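The primary structure of each chain is shown beneath.
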Amino acid sequence: MKKSTIWFLTIIMALTFIGLLYVQISYMKNMISMRDDQFAEGVKRSLYTVTTSLEQDEAKHFLEADLSQIETALLPNFQIDASESKKLDNSFNERAGNLAPASRYKSMQEVLRNQYIYQRGLLNEVILNILSEARNRPIRERADSATVALYLKTEFENNGLNLPFEFAVVNRNGATVYKSAGYSVDELSSNDSYVQTLFPNDNQAHNNYLRVYFPEKTGYIHSSIKFMIPSFLFTFILLLTFLYTIVVAFRQKKLTEMKNDFINNMTHEFKTPISSISLAAQMLDDSSVRKSPAMLQHISTVINDETKRLRFQVEKVLQMSLFDRQKTTLRLQDIDANIAIYNIIHTFKLKVEKYGGSIEAVLDAEEAEINVDEMHFTNVIFNLLDNAVKYRRDDVPLKLVVTTEDIPDHNLRITVADNGIGIRKEDLKKIFEKFFRVSTGNRHDVKGFGLGLAYVHKMVHELGGEISVESELNIGTKFIIILPLTKN
Ligand code: ADP
């Protein structure tokens, strides 16, 4: 996959995620506001019913209390009417036999009219009473706290609002007439409250208001969108998985690029020693070339050197493939670190001297037997020495010092110090990371893939040791390896 394709996919996926999140959040917001509206609607309906019930109660109260009294007051007048109507009735009955149906109907109408007048008189009196007396009754009596609480509870339940509520009745000036036990002004201000005018048909100057709030309303509304939580959770998991996939894709891409570069580089590097060896073979084969002992010596040196070079390149390819394997198979054996290092330095000396440098070994360790895989141990030291040559300074001759010494707890300390270009502090933390290379412009000609030190780090740890580094820019670098002695 091309890098641009990965970027394209990343952007598409990122936009999709943003869109998805946006849709989810706005859906959730809509749900909340819808639930809020529904809630408010339910509360308003309940409050309206409560006030209507209170009004009906009051009408009933007046009807019951006053009816009998008014009845007696109105009765004498009515009795005149009634006796008259009775007379009418009697004469009506007497003459019933010989009366025409039309006049019989007429007298019935009259009876009904009289009854109607009586009832209307009654009601008018009651209504007059309500109008004149009711508004002068204290609000506590007109709508007593227990009744209001009961009505509110019933109505809220009827509207499906089964959650605790607090209420108060306040007068026109905002002073509280009475309130429920848990009613608090602080909570009121932090919650939505609903207000309904009590006895709205009274003169405005006498108005009182019923104020209600629900302490648990927010939780109640939010609990209705709980079902959205899994969808957010899944989106989040999807996002994490996607991020991980993208990181892996980029890493994989980088690795593939590195491997390709590495292989190209290696093929090139292989060609030179192969052609040198083949040239030497041709010379041996050529009868026209005189084969003096000096000549033979020269040819054998060339073959030897070039084979070594080839072997080194092959080693590098092997090291590279190590990273792809999960576990390295080590062929552990006891070796004397002093001897091993001495041999490595001996082989390396020529290379250092070629660049006008010097290499010194201070092998002070008296106990130097370590249990390692010799091939990997040699590679580790070789990589460090190779880096010292690669990252040498041009202005001063390279000076390399390799030391061994015994340290407490039966450990061996090996150091490789150079006087090269050094490493900046911020880079120092990363140099053991795979593919990390210091991006200094001063050494463009140096080839590398940032794998050498990663390999060294991995190997030292697999051999049960530790590696650290000290460096100062333009002064030099010192790698310190601590390995357990076999005795340990
Ligand atoms: P490579 O040499 O292939 O780039 P390494 O893993 O061997 O990769 O090294 C990582 C980086 O550490 C190098 O790019 C180099 O900048 C820095 N480095 C390693 N050894 C030395 C050294 N002896 N002196 C200065 N810089 C070094």
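Structure shown above.
Model, not experiment: these values are computed from the prediction.

Thoughts on the nonpolar core
Right, so step 1: Formed by 44 residues in total, the largest nonpolar core has its most connected members in Ile370, Phe377, Leu385, Ile431 and Ile481.
Right, so step 2: Put simply, the parts of the chain that give this core at least two residues each are helix 9 (337-354), strand 7 (369-373), helix 10 (374-390), strand 8 (399-407), strand 9 (411-418), helix 12 (452-462), strand 10 (466-472) and strand 11 (476-484).
Right, so step 3: With eight residues, helix 10 is the single largest residue contributor to this core.
Right, so step 4: Beyond its immediate sequence surroundings of up to four residues, isoleucine 431 is in contact with Ile423, Phe436, Val438, Leu453, Val469 and Phe479.

Concerning the packing of aromatic side chains
Right, so step 1: Here the structure, examined in full by the defined rule, presents 14 aromatic pairs.
Right, so step 2: Taken together, a centroid distance of 5.0 Å and an interplanar angle of 75° make the contact between phenylalanine 156 and phenylalanine 165 edge-to-face.
Right, so step 3: Phenylalanine 156 gets classed as buried once you look at its relative accessible area, which sits at 1%.
Right, so step 4: Among the residues examined, phenylalanine 165 registers a relative accessible area of 16% and is labelled buried.
Right, so step 5: Aromatic side chains phenylalanine 348 and phenylalanine 382 sit 5.2 Å apart centroid to centroid with 90° between the ring planes, which places their arrangement in the edge-to-face category. Here phenylalanine 348, found in helix 9, pairs with phenylalanine 382, found in helix 10; they are 34 residues apart in sequence, far enough to count as distant. For the residue pair phenylalanine 348 and phenylalanine 382, the accessibility class agrees, reading buried in each case.
Right, so step 6: Stacked on the ring of phenylalanine 199, the Lys or Arg arginine 142 has its end atom at 4.0 Å from the ring centre.

Brief notes about unusual backbone geometry
Right, so step 1: We note that phenylalanine 199 has phi near 45°; this positive angle belongs to a residue other than glycine.
Right, so step 2: Following the sequence through the fold, phenylalanine 199 ends up in the loop between strand 3 (193-198) and strand 4 (208-213).
Right, so step 3: One non-glycine residue, aspartate 409, lies in positive phi territory at about 65°.
Right, so step 4: Here aspartate 409 shows up in the loop between strand 8 and strand 9.
Right, so step 5: Take aspartate 409: its relative accessible area is 62%, and that puts it in the exposed class.

Concerning helix 4 (residues 145-158)
An α-helical segment advances 3.6 residues per turn. Residues three or four places apart therefore align on the same side.
Right, so step 1: Taking 1.5 Å per residue, 14 residues should reach 20 Å; helix 4 reaches 20 Å between its end C-alpha atoms and fits that length.
Right, so step 2: Residues Val148, Leu152, Glu155 and Phe156 constitute the buried set of helix 4. Around the axis of helix 4, the buried residues are gathered within 100° of arc, so they sit on the same side. Relative to its buried face, helix 4 has exposed residues pointing more than 90 degrees away, namely Ala146, Leu150 and Asn158.

Describing the sheet that holds strand 9
Right, so step 1: Strand order across the open sheet formed by five strands is 6-8-9-11-10, with mixed pairing between neighbours. Edge positions in the open sheet fall to strand 6 (358-363) and strand 10, since each of these has one partner strand only. Strand-to-strand twist across the sheet, computed as the mean angle between neighbouring axes with direction ignored, equals 15°.
Right, so step 2: Of the pairings in the sheet, the one linking strand 8 to strand 9 comprises seven bridges and is antiparallel in character. For threonine 403, the partnering residue across the bridge sits in strand 9 and is threonine 415.
Right, so step 3: Helix 9 rests against strand 6, strand 8 and strand 9 of the sheet, and its axis sits at about 170° to strand 6.

Comments concerning a nonpolar patch on the surface
Right, so step 1: The grouping of Met1, Phe8, Leu9 and Ile12 at the surface amounts to a nonpolar patch, some 430 Å² of accessible area in total.
Right, so step 2: Mapped onto the fold, phenylalanine 8 is located in helix 1 (residues 3-94).
Right, so step 3: Overall, phenylalanine 8 belongs to the exposed group, its relative accessible area being 52%.

About the criteria used
Residues numbered from 1 in each chain as written. Predicted model: local features only at pLDDT ≥ 70, side-chain atom pairs only at ≥ 80, totals over all residues. Heavy atoms only, no water. Core = buried A, V, L, I, M, F, W, Y, C linked by side-chain atoms within 4.5 Å. Buried < 20%, exposed > 50% of the residue type's maximum accessible area, 1.4 Å probe, protein only. Helix = DSSP H or I, 4+ residues; strand = E, 2+ residues; numbered from the N terminus. Contact = heavy atoms within 4.5 Å. Phe/Tyr/Trp six-rings, centres within 6.5 Å; stacked < 30°, edge-to-face > 60°. Lys NZ or Arg CZ within 6 Å of the ring centre and 35° of its normal. Expected span 1.5 Å × (residues − 1). Arc of directions from axis to C-beta. Pairing = 2+ DSSP bridges. Axes fitted to C-alpha atoms, helices over the stretch in contact; angles between N-to-C directions. Patch = residues over 30% accessible without salt bridge, like charges linked within 9 Å, V, L, I, M, F, W, Y side chains within 5 Å. Areas by Shrake-Rupley, 256 points an atom, 1.4 Å probe, with all protein chains shown as cover. Salt bridge = Lys/Arg side-chain N within 4 Å of Asp/Glu carboxyl O.

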